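Each chain is listed here by its residues.
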Amino acid sequence: MRTERRLVAILAADLVGYSRMMAVDEASTLTALRTVRKEVFDPAIAEHGGRIVKTTGDGLLVEFPSAVDAMGCAMSVQSTLAASEERLRFRIGINVGDVVIEDGDILGDGVNIAARLEAVAEPGGVALSGAVREHVVGRIGAEFRDGGLHELKNIDRPIQVWLWEPAGVLSPATYTRTMSAPPLPNKPSVAVLPFDNMSGDPEQEYFADGVVESITAALSRIRSFFVIARNSAFAYKGRPMNIRDIGRELGVAYVLEGSVQRAGNRVRITVQLIETAGGAHIWAEKYDGALEDIFDLQDRITEQVAGAIQPSIRLAEVERTGRKAPQDLNAYDYAMRAMRHVWMLDEREATLALELLQKALAVDPVYPLALALNAWCHAQFAVYNWTNDHAGSITEALRCAELAAQGSGDDPLVLTVLGAVQSIARHQETARLILERAIALDPNSAWAWSRLAWVDVYTNNGERALERFEKALRLSPLDPINFNNHVGMGAALLSLGRYEESVAEFQRALRERPFANWIRRPLMTALSGAGRISEAREVWRELVARQPDFTIAKYLEAMPFPQKLHDLYAELLSAVESYEE
């Protein structure tokens with residue numbers, strides 16, 4: 001049987017804020033929606049020769065014989081609504097494409113693109129593909145604004161988007177106020193939306209729901225995040241919604257969405273993190289596994305998503321706060337601005353971070369996040385030989401870390417900082433207890449696992465340290481601080497006498513952070529152990545050129561090594577210091 005196909009213009013429309021309006025007044029919302037359909041949409045569709053393919057609770061899909069007709073209908077609808085006192089506002093997306101006709105329905109990529117374009121449009125506006133603009137430009141009295149290339153969900157290529165709004169349409173900010181949207185919390189905020197089942201298999205739907213519940217529970221353990229409860233997020237299940245609307249309705253800056261697809265005995269889960277304000281994709285990943293391992297796969301996805309989402313959101317928060325005007329900054333904003341500098345583990349960057357953190361603490365002297373980051377910066381000055389007052393830096397780091405813990409003793413990030421500082425202060429067993437507490441609160445905290453691995457290095461448990469560094473890397477493969485995990489693995493390997501492997505790890509870390517001069521200290525130690533003394537001496541020259549006051553004595557004083565490792569480093573570095581070419 002031959003499949004019926006035809007080229008049509010597709011219009012997808014969706015009511016903005018439908019869920020919130022229904023929650024406030026279901027009867028009035030449905031009455032107003034029926035009135036707009038009858039008095040605005042139906043006449044415009046008939047006038048432009050359109051056919052309603054299907055309706056949903058809050059929207060409709062319409063086909064037209066031409067792009068000019070579809071655009072004319074959209075302009076008529078949006079102009080009428082903009083001029084009316086009716087508070088209902090719609091988003092409209094238009095595309096031209098080849099579709100498959102099946103029992104009166106239309107299917108295919110062209111339909112999917114129209115639906116995704118609708119999500120890009122502003123409230124009261126129209127988003128159209130580049131193909132539609134080519135058809136209508138010069139044939140219709142409208143000016144279009146370039147919306148740029150967009151990566152649309154489940155579309156395998158970027159789509160050029162053009163935008164149109166009628167005079168008098170509400171701006172997004174004004175519209176948000178009329179909808180009484182909750183303000184964004186003063187911390188990273190995220191909602192995990194129900195995953196799409198792309199398989200047509202109900203069993204995969206249950207599995208997808210289980211993944212969503214597990215991820216939500218895992219993220220909820222991160223006390224520095226604001227996570228929307230499962231019941232609120234699941235209110236969007238089965239309903240096509242605009243990401244910006246969801247962000248406004250729930251009061252979150254990010255949403256995590258995904259899909260499940262089954263192929264034979266295999267299942268693929270796709271997950272992506274999206275910023276709600278502009279629809280930007282922050283992070284995405286795919287996970288594959290066999291159906292017989294479905295529960296192990298679910299656990300693995302939960303672990304890796306929760307681990308990866310922390311640095312991804314923190315980087316996005318840094319960018320978001322960076323766009324705020326200086327007069328609007330609060331303690332949280334200053335702390336976020338400091339973040340990118342804190343994790344570079346570089347003296348100049350740490351100095352910049354401390355300046356921003358002092359501004360945060362001037363606004364709120366007991367703000368736990370700012371105190372914790374302040375403590376970590378002072379600890380860096382001590383352990384990386386950036387100060388001649390090693391004891392003073394450790395004292396200040398401990399003071400700030402303990403104050404932060406008093407204010408937020410159940411925040412895994414704060415506890416991890418306290419554990420890291422205690423470790424650098426040579427209180428390894430205290431550090432271990434604190435870090436184990438941080439991991440109990442958030443088992444997916446890559447940095448907590450990393451700092452616990454460093455405690456293993458400092459107590460000469462190299463094999464266990466390697467396992468924990470590898471876990472940290474697996475939890476958060478895109479973390480900007482991962483170079484330090486490779487430094488840690490190099491240190492663990494050095495303690496085990498596996499010098500060539502150790503050299504490789506230090507060199508990898510240095511390639512990622514060439515300005516992190518302190519990495520050259522253990523690198524030349526490992527090169528000496530590997531018998532590559534001339535290379536170690538060259539690294540020595542590079543280190544001293546960047547840090548003229550460096551001495552082996554200062555290095556060994558800064559590092560909280562046990563006596564056995566202290567003696568090993570001293571012996572290997574002595575060979576480098578006394579080497580004569």
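Peer 1: Outline empty space enclosed by the protein, supporting the account with residue identities and numerical values.
Peer 2: This model, assessed by the stated rule, comprises three cavities of 30 Å³ or more. Of the voids in this model, the largest cavity is the one considered here, and its volume is about 170 Å³. Surrounding the largest cavity, 17 residues form its lining, Tyr-384, Trp-454, Tyr-458, Trp-518 and Met-559 being those nearest its centre. When the residues that make up the lining of the largest cavity are grouped by side-chain class, the tally is 14 nonpolar, one polar and two charged.

Peer 1: Describe helix H24 (residues 563–577), naming the residues involved and giving the relevant values.
Peer 2: With 15 residues, H24 ought to run about 21 Å at 1.5 Å a step, and its terminal C-alpha atoms sit 20 Å apart, in line with that. All of the buried residues in H24 are Leu-565, Leu-568, Tyr-569, Leu-572, Leu-573 and Val-576. End-on, the buried residues of H24 take up no more than an arc of 120°, which puts them together on one face. More than 90 degrees from the buried face of H24, the exposed residues found are Gln-563, Lys-564 and Glu-571. Buried residues along H24 sit against helix H17 (446–458), helix H19 (482–495), helix H20 (499–512), helix H21 (520–529), helix H22 (533–546) and helix H23 (552–558).

Peer 1: Mind laying out the side chain of Asn-485, listing which residues take part and the relevant values?
Peer 2: Its place among the elements puts Asn-485 in helix H19. A distance of 2.6 Å separates polar atoms of two side chains, one belonging to Asn-485 and the other to Ser-450. Excluding anything up to four places from it in sequence, Asn-485 contacts Ser-450, Phe-469, Ala-472 and Leu-473.

Peer 1: Go over the packing of helix H15 (residues 412–424) against H17 with me, naming the residues and quoting the values.
Peer 2: In a packed pair of helices, the relevant descriptors are the angle between the two axes and the axis-to-axis distance. It is at 10 Å that the axes of H15 and H17 come closest, and there the two elements cross at 15°. As summarised for this structure, H15 and H17 are arranged roughly parallel, according to the angle between their axes. Every pair of crossing elements has a handedness; the one defined by H15 and H17 is left-handed. Across from Leu-413, Thr-416, Val-417, Ala-420, Ser-423 and Ile-424 in H15, the residues of H17 making contact are Trp-447, Ala-448, Arg-451, Val-455 and Tyr-458.

Peer 1: Explain the pattern of salt bridges to me, using residue names and the numbers behind them.
Peer 2: Under the definition given, this model contains 21 salt bridges. With a shortest N-O distance of 3.6 Å, Arg-432 and Glu-429 are connected by a salt bridge. One end of the pair is Arg-432 and the other is Glu-429, both in helix H16 (residues 428–441) and three residues apart, which spans about a single turn. The residue Asp-456 makes a salt bridge to Arg-468 at a minimum N-O spacing of 2.8 Å. Residue Asp-456 is found in helix H17, and its partner Arg-468 is found in helix H18 (residues 462–475); the two are separated by 12 residues along the sequence. Taking relative accessible area as the criterion, Asp-456 reaches 0% and is therefore assigned buried. Several salt bridges converge on common partners, so that one network encompasses Glu-429, Arg-432, Asp-456, Arg-464 and Arg-468.

Peer 1: So what's going on with a negative patch on the surface? Which residues, and what values?
Peer 2: Taken together, Glu-292, Asp-293, Asp-296 and Asp-299 make up a surface patch of like negative charges. Within the element layout of this structure, Glu-292 appears in the loop between strand E14 (281–290) and helix H10 (294–322).

Peer 1: Give me the lowdown on the nonpolar core, citing residues and values where you can.
Peer 2: Grouped together as the largest cluster of nonpolar side chains are 108 residues, with contacts concentrated most on Val-342, Trp-376 and Trp-518. Looking at which element gives the most residues to this core, the answer is helix H13 (residues 368–383), with 12 residues. If near-sequence neighbours (up to four positions away) are discounted, Val-342 is found in contact with Ala-353, Leu-357, Leu-373, Trp-376, Cys-377 and Gln-380. The next biggest cluster of nonpolar side chains, apart from the first, holds 39 residues, and it includes Ala-44, Val-132, Ile-140 and Trp-164.

Peer 1: Give a detailed account of the environment of Cys-400, specifying residues and quantitative values.
Peer 2: With respect to the helices, strands and loops of the structure, Cys-400 is situated in helix H14 (residues 390–407). Accessibility expressed as a relative area gives 1% for Cys-400, which makes it buried. Distance in space between the C-alpha atoms of Cys-400 and Val-421 is 9.8 Å, their sequence separation being 21 residues. Setting aside residues up to four positions removed in sequence, Cys-400 forms contacts with Leu-371, Asn-374 and Ala-375.

Peer 1: Let's hear about the packing of helix H11 (residues 331–342) against H13: which residues, and what values?
Peer 2: Between H11 and H13, whose axes approach to 10 Å, the crossing angle comes to 25°. The angle between H11 and H13 falls in the class roughly parallel. As for how H11 packs across H13, the hand of that crossing is left-handed. Listed contacts from H13 to Ala-335, Met-336, Met-339 and Val-342 of H11 are Leu-369, Leu-373, Trp-376, Cys-377 and Gln-380. Split into classes, the residues belonging to the contact of H11 with H13 amount to eight nonpolar, one polar and no charged.

Here is what the cut-offs are and how they apply
Residues numbered from 1 in each chain as written. Predicted model: local features only at pLDDT ≥ 70, side-chain atom pairs only at ≥ 80, totals over all residues. Heavy atoms only, no water. 1 Å grid on protein atoms, 1.4 Å probe; cavity = no way out; pocket = protein on both sides within 12 Å on 5 of 7 lines; lining within 4 Å. Points joined across faces, edges and corners; volume = space filled by probe spheres on them. Nonpolar A, V, L, I, M, F, W, Y, C, P; charged D, E, K, R; others polar. Helix = DSSP H or I, 4+ residues; strand = E, 2+ residues; numbered from the N terminus. Expected span 1.5 Å × (residues − 1). Buried < 20%, exposed > 50% of the residue type's maximum accessible area, 1.4 Å probe, protein only. Arc of directions from axis to C-beta. Contact = heavy atoms within 4.5 Å. Polar contact = N/O pair within 3.5 Å; in protein donor to acceptor, adjacent residues only side chain to side chain. Axes fitted to C-alpha atoms, helices over the stretch in contact; angles between N-to-C directions. Parallel < 35°, antiparallel > 145°, perpendicular 65-115°, else oblique. Left-handed = near helix turned anticlockwise from the far one by under 90°. Salt bridge = Lys/Arg side-chain N within 4 Å of Asp/Glu carboxyl O. Patch = residues over 30% accessible without salt bridge, like charges linked within 9 Å, V, L, I, M, F, W, Y side chains within 5 Å. Areas by Shrake-Rupley, 256 points an atom, 1.4 Å probe, with all protein chains shown as cover. Lys, Arg positive; Asp, Glu negative; His and termini not counted. Charge placed at Lys NZ, Arg CZ, Asp CG, Glu CD. Core = buried A, V, L, I, M, F, W, Y, C linked by side-chain atoms within 4.5 Å.

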